[in-house]
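If you want the building blocks of each chain, they are given just below.
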Amino acid sequence: MADELILLDVHVSMFGMRVRVALAEKGIEYEYREENLANKSPLLLEMNPVHKKIPVLIHNGKPISESLIIVQYIDEVWTGKSPLLPSDPYQRAHARFWADFVDKKIFDAGRRIWTRKGEEQEAATKELIDALKLLEGELGEKAYFGGDKFGFVDMALITFYSWFYTYETCGNFSVEEHCPKLVAWAKRCMERESVSKSLADPKTVYEFVLMLKKKYGIE
Amino acid sequence: MSSSSTEVQLLGSGVSPFEWRIIWALKWKGVDFEFIQEDVSNKSSLLLEKNPVYKMIPVLIHGRNSVSESLIILEYIDETWKENPILPADPTERAHARFWAKFSEDKITEPIKQAFHCAGEKQAEGVKALGEGLDILEGKIRGKKFFGGDSFGYLDIVVGWISYWLHFNQEAAGYNVMDQERYPGIDQWMKNFLEVEIIKENLPPSDEMMSSYIMYREMSLAFLNSNNKSD
């Protein structure tokens, strides 16, 4: 019996993009369904009743939620091709640590850059840059965070690249100025079809944010 | 890569419940380790070297490897020492276990921290959020002995700290959310948890915990007062 896979997602979500990249890396076919978060589908509410958030991967009727958990699930089910995590326990722990760091340090600071102004925005910008610098240090001279191969940490962070333009424009700074090696890494990742096809266009993300700002009266 | 028989050390404060997750996991697997006591108000060069990003305990040192963040350490332990598995073998069940572990960190651990470190409205907010998190957890555990059913495992190790530490937290910070009538399932599970052999034999002394938590609460209040804040 063929697998039935449905991905409930939002095009501009950096978390949803991670799942799209993972599925593309593995060459897995699935049905993509765009959610409207202002009007969530009954399926989303049924499949993620706890958080009511995307992304949700529904595999033969069974839901998996939380982007990094979904990526690990994909890696553990479709083992034949393109491993997303290393096989060595310490390398796996190391990859999980840095993916978790991205979750803890990038999203929230980024969000405050486009939702706040003045001192709060400046503080958020500094936080984001500091976190990106730390990540750049971890990357070092490697082609990818995983070494020679594109992997879990690359997947966790690259999707934020589509949001850099929004952060930079709202916060009036340049990521490349502070982290040139990280931007070079991002461009390298974008050469992979799985990434370039899965990431939203930065201008589309910015338009989305402008729409949200207008809707919620955020300057 | 180091072999499993290489020396294992755990850096901890002696007080934090999150390092006890690691102790329980190591004991469950029968792994010998050395506990190294850290003074978190005066961090050792070892801690700063082994966890330069967060500079926090617990840190597991296994030969040349050092692993931080308790949930990540638990998975490392499970993947390195294969006896007595902690996480389920089935990928769907593993994904669900990871989901609920993250849920407990976001919706139970974080509100407990807020309720403990804050006062006034901010504390009340934390207590309310904690109640809501426990409502969802109750639905998950009611009617089951452990989170995995009959077998003790990962989620019990992750969430189990509240069976012992929530009491000290509530007492010291002056709130009470653990209502047995609202949470009969959680109440029973906490009792089941504390009856498990490796848990019973591996808990810090309650009088030490109580006095530590009273002291930490006083420190939090002093900090809030010096900044004229409730958060």
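What you see is a predicted model, and the numbers here were worked out from it, not measured in a lab. All residue numbers refer to position in the chain's written sequence, counted from 1. Lettering for chains starts from A, numbering for ligands starts from 1, and both go in the order in which the items are written. The predicted nature of this model means local features are confined to residues of pLDDT at least 70 and side-chain atom pairs, given and counted, to a pLDDT of 80 or more, with totals for whole chains, interfaces and linings taken over all residues. To obtain the side-chain values, all non-hydrogen atoms of the structure were included, while hydrogens and water were left out.

Engineer: Before we go on, may I ask you to explain the overall build of chain B in this structure?
Structural biologist: Broken down by element type, chain B carries ten helices and four strands. Under the DSSP-based scheme used, a helix requires at least four consecutive residues in state H or I and a strand at least two consecutive residues in state E, with every element numbered from the N terminus. Secondary structure elements in chain B, listed N-terminal to C-terminal, are β-α-β-α-β-β-α-α-α-α-α-α-α-α. Residue burial in chain B is summarised as follows: out of 231 residues, 55% are buried. Only heavy atoms matter for contacts: two residues are in contact if any of them lie within 4.5 Å across the pair. Partitioning the contacts of chain B with sequence separation of at least 6, the portion at a separation of at least 24 is 69%. Accessible surface, chain B: about 10,700 Å² in total, of which carbon and sulfur atoms supply 49%. Charge assignment: positive for Lys and Arg, negative for Asp and Glu; neither His nor the chain ends contribute. By convention, charge coordinates are those of NZ in Lys, CZ in Arg, CG in Asp, or CD in Glu. If the 24 positive side-chain charges of chain B are averaged to one point and the 35 negative ones to another, these points end up 5 Å apart. For every residue, the accessible area (1.4 Å probe, protein chains only) is compared with the maximum for its type, and the residue is labelled buried under 20%, exposed over 50%, or partly exposed between those bounds. With residues, only the protein chains shown are counted as cover, and all accessible areas are computed by Shrake-Rupley using a 1.4 Å probe.

Engineer: Teacher, can you tell me more about the sheet that holds strand β4 (residues 62-65) of chain A here?
Structural biologist: Hydrogen bonds between backbone groups are what pair the strands of a sheet, and the pairing can be parallel or antiparallel. Residue and element names in this part refer to chain A. In short, DSSP must find at least two bridges between two strands for them to pair. The four strands are arranged β2-β1-β3-β4 in an open sheet whose pairing can be described as mixed. Edge positions in the sheet fall to β2 (31-34) and β4, since each of these pairs with one other strand and no more. Strand-to-strand, the axes of this sheet are offset by a mean angle of 20°, without reference to chain direction. As paired strands, strand β1 (residues 5-9) and β2 are joined by four bridges and run parallel to one another. Across the sheet, Asp9 pairs through a bridge with Glu34, a residue of β2. Its contacts with the sheet put helix α1 (residues 14-26) on β1, β2 and β3 (56-59), and the angle it makes with β1 is roughly 155°. For helices, the fitted axis covers only the stretch in contact; all axes are lines through C-alpha atoms, and the angles between them, taken along N-to-C directions, range from 0 to 180 degrees.

Engineer: Sorry if this is basic, but what is going on with the pattern of salt bridges here?
Structural biologist: Oppositely charged side chains may form a pair once their charged atoms are brought near each other. By definition here, a salt bridge exists when the distance from a side-chain nitrogen of Lys or Arg to a carboxyl oxygen of Asp or Glu is within 4 Å. Throughout the structure, instances matching the rule amount to 32 salt bridges over all chains. Linking Lys29 of chain B and Asp78 of chain B is a salt bridge whose minimum nitrogen-to-oxygen distance equals 2.7 Å. With a gap of 49 residues between them, Lys29 of chain B in helix α1 (residues 17-29) and Asp78 of chain B in helix α3 (residues 70-80) connect regions that are remote in the sequence. The same class applies to Lys29 of chain B as to Asp78 of chain B, namely buried. Salt bridges sharing partners connect three or more residues here, namely Glu76, Arg92 and Arg96 of chain A together with Glu75, Glu79, Arg94 and Arg98 of chain B.

Engineer: Whenever I open this one, the UniProt feature "domain: GST N-terminal" (unreviewed entry) in chain A confuses me. Can you help?
Structural biologist: The UniProt entry lists residues 3-82 of chain A under the feature "domain: GST N-terminal" (unreviewed entry), expressed in the numbering used here. What you have in residues 3-82 of chain A is 38% helix and 21% strand, and the ends, taken at the C-alpha atoms, are 19 Å apart. UniProt positions are given in the numbering used here, feature names are shortened, and annotations may be inferred rather than shown by experiment.

Engineer: What is the right way to read the UniProt feature "domain: GST C-terminal" (unreviewed entry) in chain A from this model?
Structural biologist: Mapped onto this structure's residue numbering, the UniProt feature "domain: GST C-terminal" (unreviewed entry) falls at residues 88-208 of chain A. Annotated as residues 88-208 of chain A, this span is 76% helix and 0% strand, and its ends, taken at the C-alpha atoms, are 40 Å apart.

Engineer: Which parts of the structure should I look at to understand the sheet that holds strand β3 (residues 59-62) of chain B?
Structural biologist: All names here are of chain B. One open sheet accounts for four strands, arranged β2-β1-β3-β4; its pairing is mixed. Two strands close off the open sheet at either side, each with one partner strand: β2 (34-37) and β4 (65-68). Adjacent strand axes in the sheet meet at a mean angle of 20° when their direction is disregarded. Relative to β4, β3 is paired through four bridges, and the arrangement is antiparallel. Paired with His62 across the bridge in β4 is Asn65. In the packing of α1 onto the sheet, the strands contacted are β1 (8-12), β2 and β3, and the crossing angle to β1 comes to about 155°.

Engineer: What should I look at first to understand the packing of aromatic side chains in this one?
Structural biologist: Here the distance between the centres and the angle between the planes together describe a pair of aromatic rings. Classification of ring pairs uses Phe, Tyr and Trp, with its six-membered ring standing for Trp, and accepts pairs whose centres are within 6.5 Å; under 30 degrees between planes counts as stacked, over 60 as edge-to-face, and the remaining range as tilted. Summed over all chains, the structure comprises 29 aromatic pairs over all chains. Measuring from centroid to centroid gives 5.4 Å for Tyr165 of chain A and Tyr206 of chain A, while their planes differ by 80°, and the two rings are edge-to-face. With Tyr165 of chain A in helix α8 (residues 161-171) and Tyr206 of chain A in helix α12 (residues 202-215), the pair connects residues that are 41 residues apart, well separated along the chain. The interplanar angle of 65° and the centroid separation of 5.0 Å between the aromatic rings of Phe147 of chain B and Trp189 of chain B together place this pair among those described as edge-to-face.

Engineer: Help me understand the side chain of Ser65 of chain A in this model?
Structural biologist: Secondary-structure assignment places Ser65 of chain A in strand β4. Contacts of Ser65 of chain A, omitting those with residues within four sequence positions, involve Met47, Asn48, Pro55, Val56 and Ile70 of chain A together with Phe99 of chain B.

Engineer: I keep staring at the confidence of the model for chain B and nothing clicks. Help me out?
Structural biologist: Caution applies to low-pLDDT regions: their predicted coordinates should not be interpreted in detail. The predictor attaches a confidence to each residue, called pLDDT, with possible values from 0 through 100. Summing up the model confidence of chain B, the mean pLDDT is 94 and the portion of residues at 70 or higher is 97%. On the interface metric, ipTM, the complex scores 0.96, and its pTM is 0.95.

Engineer: Would you take a moment to explain unusual backbone geometry for this structure?
Structural biologist: Residue and element names in this part refer to chain A. Between Ile54 and Pro55 the backbone carries a cis peptide bond, its omega angle lying at -5°. Within the secondary structure, Pro55 sits in the loop between α2 (42-47) and β3. Unlike most non-glycine residues, Asn172 shows phi in positive territory, near 55°. Checked against the element boundaries, Asn172 lands in the loop between α8 and α9 (175-178).

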